[in-house]
Amino acid sequence: MRKLTVDRVSHNRRDRHIARDWKRQGPTAILIVLLVVLALGGGASRINVVSLMFVRPALVLATGALLFFPVVDAAPNRNARFLMWLLGLFAVVIAVQLVPLPPGVWQMLPGHQVYAEVARIEGVAQPWRPISIVPVLTLNSLTTLLAPLAFFMAVRRIPYRQTKTIILALVVVAIATCIMGAIQTAGGDRSAAYLYRYAKPGYAPGLFANRNHQAAFLAAMLPLTTAWALMPRQARDPASRRLWIAGSAGALFMLLIIMTASRTGLGLAAIGLFVSAWMMQRSRRKQQRPTDDPDGRSWKRWLLAIAFIAGVASIIALPLLTGRTAVLERLTSGGNDASAVLRVAALPITVDLIGRFFPLGSGFGTFDTAFRAVEPDRLLAPGYFNNAHNDLIELAITGGVPSVLLLLALCGWLGKRAVTAFGRHTERSASLVVTQGSLAFLTIILLASLSDYPLRTPLLAGLFGLVAALATRRGFAQAVKEF
């Protein structure tokens, strides 16, 4: 009887231990699974991508599962609460565009008269219609918010001591997309390594369908990788080893950015390198004590600088040595390629569309339909202009004034956090370097949105939510010993 009681107690303790472990490790496991799923099928923005058939259900299941895990920071967090409100308001704006309106009200909306006139000419009775001119596309835009929501919720439920693991997982994803891009380049234009059939061959898009999205992601990862390298070390985790790993990863990122032939990507990479160098310089100053010899290990810094310069020189010379001069030709073409000319020619028309649908917009995701209604004959081509290639302009066209105000609120929050994070600090902490790297990541992605649409892909939208959650975390200074 005594033995039976002891066994029952031990089983109960083991069950409680397993439950506690799952409570701590569950959100991390969900986040890793989501990263894998989105890396394999979330790199495209089109609504007809087959991989969305497993990406969207995975996001729904993950979001529902995360509701059963508690938030690790029980104290009020104004930054996290603000971003959640912002995401919720974006969802409300999109949902309002799907609410059916009476025919008389719908026909009075700015920009909608031309569609009402077409229906009148064809003799079609006007039913109740929503603000969106293509409701199914707007509904698709609403579902894209699942990605940042799921990742934001996951990070909020992961203990502070696992933050380094989260960032390392992002570094692994970045290295994976580099490897995929290298395989695609080596395989030629007909390589089976391209994950999306409409990816432009020869320019190493990696896990993405758009090479510009690949370049923007890798450029944004430069300061975040630096933050991972500068985080307080453990006894078995020498900081110098992480610096060398981060430097090697950064050189790989730069190589693939060049292979994408993205001029915007190179500009963003320059910003990422500048922020990374600034973070390393500030970290070295804070680590140095008055009694330390500032030149005691200068040879290591010089060796690292020489290796970095040699790596950059090799990266620049690689396209010439391998015969891939098409990459360099595009980088030095001065924007004379057909796609750049088309974007410049279409810019006045896209700007004019803002006024046509002001102030409520045409509906999220409906830019293509709105543009085709006013597209001049001189721009007609076998292809189509699927996006404005400037998300600020497209947001104003499709989302109207409410969405622009929400974007300005996000930019204001980002600027305020940046002033605090990059200001003067007297001590080094994990909180500081993670916040600096995260804010730099978010800023680079938003800058990339001025010439493209990276946040319309589930993968980058999810990573944006993940890194935004990292930028809101608190309590790292007290948890430094746990890293």
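Residues numbered from 1 in each chain as written. Predicted model: local features only at pLDDT ≥ 70, side-chain atom pairs only at ≥ 80, totals over all residues. Heavy atoms only, no water.

1. Things to note about the nonpolar core
Phase 1: In terms of nonpolar packing, the biggest core is built from 101 residues, with Phe217, Met221, Phe441, Leu442 and Leu466 touching the most fellow members.
Phase 2: Beyond its immediate chain neighbours, meaning those up to four positions away, Phe441 contacts Phe217, Ala220, Met221, Pro223, Leu224, Leu463 and Val467.
Phase 3: Counting 14 residues, the second largest nonpolar core, distinct from the first, contains Val134, Ile349, Phe357 and Ile393. (Core = buried A, V, L, I, M, F, W, Y, C linked by side-chain atoms within 4.5 Å. Buried < 20%, exposed > 50% of the residue type's maximum accessible area, 1.4 Å probe, protein only. Contact = heavy atoms within 4.5 Å.)

2. Here's the deal with the packing of aromatic side chains
The description of two aromatic rings rests on the distance between their centres and on the angle between their planes.
Phase 1: Counted under the stated rule, the structure contains 4 aromatic pairs.
Phase 2: Look at Tyr196 and Tyr198: their rings are 6.5 Å apart centre to centre, the planes differ by 35°, and that puts the pair in the tilted class.
Phase 3: Of the residues examined, Tyr198 reaches a relative accessible area of 27% and is grouped as partly exposed.
Phase 4: Plain terms: the ring middles of Phe367 and Phe371 are 5.6 Å apart, the flat faces sit at 25° to each other, and that makes the pair stacked. With Phe367 and Phe371 both in helix α15 (residues 367-374), this residue pair falls 4 residues apart, about one helical turn. (Phe/Tyr/Trp six-rings, centres within 6.5 Å; stacked < 30°, edge-to-face > 60°. Helix = DSSP H or I, 4+ residues; strand = E, 2+ residues; numbered from the N terminus.)

3. Focus: the pattern of salt bridges
Phase 1: Inspection of every chain in the model, using the stated rule, returns 4 salt bridges.
Phase 2: Residue Asp368 is joined to Arg372 by a salt bridge in which the shortest nitrogen-to-oxygen separation is 3.1 Å. Here Asp368 pairs with Arg372, and both are found in helix α15, just 4 residues apart, close to one helical turn.
Phase 3: Ionic pairing is found between Asp391 and Arg456, a salt bridge with its closest N-O pair at 2.9 Å. Taken together, the residues span a long stretch of sequence, with Asp391 in helix α16 (residues 391-421) and Arg456 in the loop between α17 (430-448) and α18 (458-472) at a distance of 65 residues. (Salt bridge = Lys/Arg side-chain N within 4 Å of Asp/Glu carboxyl O.)

4. Section: helix α6 (residues 135-143)
Phase 1: Along α6, the positions that sit buried rather than exposed are Thr138, Asn140 and Ser141. Mapping the buried residues of α6 onto a view down its axis gives an arc of 155°, with all of them on the same face.
Phase 2: Contacts from the buried residues of α6 go to α2 (52-66) and α3 (78-96). (Arc of directions from axis to C-beta.)

5. Section: a nonpolar patch on the surface
Phase 1: A cluster of nonpolar side chains, namely Ile32, Val36, Leu40 and Phe54, defines an oily patch on the protein surface of about 350 Å² accessible area.
Phase 2: Sorting elements by how many residues they give to the nonpolar patch places helix α1 (residues 2-41) first, with 3 residues.
Phase 3: By the secondary structure assignment, Ile32 is in helix α1. (Patch = residues over 30% accessible without salt bridge, like charges linked within 9 Å, V, L, I, M, F, W, Y side chains within 5 Å. Areas by Shrake-Rupley, 256 points an atom, 1.4 Å probe, with all protein chains shown as cover.)

6. Thoughts on the confidence of the model for the chain
Phase 1: The pLDDT averaged across the chain works out to 82; a share of 77% of its residues lies at or above 70.
Phase 2: Predicted confidence is poor over residues 14-19, with pLDDT under 50, and the contacts of this stretch with residues over four places away or in other chains come to 0 contacts.
Phase 3: Of the regions scoring below 50 in pLDDT, residues 476-483 engages in 21 contacts with residues more than four places distant in sequence or in other chains. (pLDDT = per-residue confidence, 0-100.)

7. Considering the side chain of Asn390
Phase 1: In this structure, Asn390 sits in the loop between α15 and α16.
Phase 2: If we ignore the near neighbours within four places in the chain, the residues touching Asn390 are Ser449, Leu450 and Asp452.

8. With respect to unusual backbone geometry
Phase 1: Look at the link from Phe358 to Pro359: it is a cis peptide, with omega at 5°.
Phase 2: Within the element layout of this structure, Pro359 appears in the loop between α14 (338-356) and α15.
Phase 3: One non-glycine residue, Ala204, lies in positive phi territory at about 50°.
Phase 4: Among the structural elements, Ala204 can be located in the loop between α8 (163-187) and α9 (211-230).
Phase 5: Unlike most non-glycine residues, Ala261 shows phi in positive territory, near 60°.
Phase 6: Within the secondary structure, Ala261 is located in the loop between α10 (239-259) and α11 (263-287).

9. Details of the environment of Gly267
Phase 1: For Gly267, the position within the fold is in helix α11.
Phase 2: Here the alpha-carbon distance between Gly267 and Ala219, two residues 48 residues apart in the chain, equals 8.8 Å.

10. What about the packing of α8 against α18?
Phase 1: Packing of α8 against α18 brings their axes to within 12 Å, and their N-to-C directions diverge by 150°. For the element pair α8 / α18, the angle class is roughly antiparallel. Between α8 and α18 lies a crossing of left-handed hand. Across the interface between the two elements, Thr163, Ile166, Ile167 and Leu170 of α8 pack against Leu463, Leu466, Val467 and Leu470 of α18.
Phase 2: Classifying every residue of the contact of α8 with α18 by side-chain character gives 7 nonpolar, 1 polar and no charged. (Axes fitted to C-alpha atoms, helices over the stretch in contact; angles between N-to-C directions. Parallel < 35°, antiparallel > 145°, perpendicular 65-115°, else oblique. Left-handed = near helix turned anticlockwise from the far one by under 90°. Nonpolar A, V, L, I, M, F, W, Y, C, P; charged D, E, K, R; others polar.)

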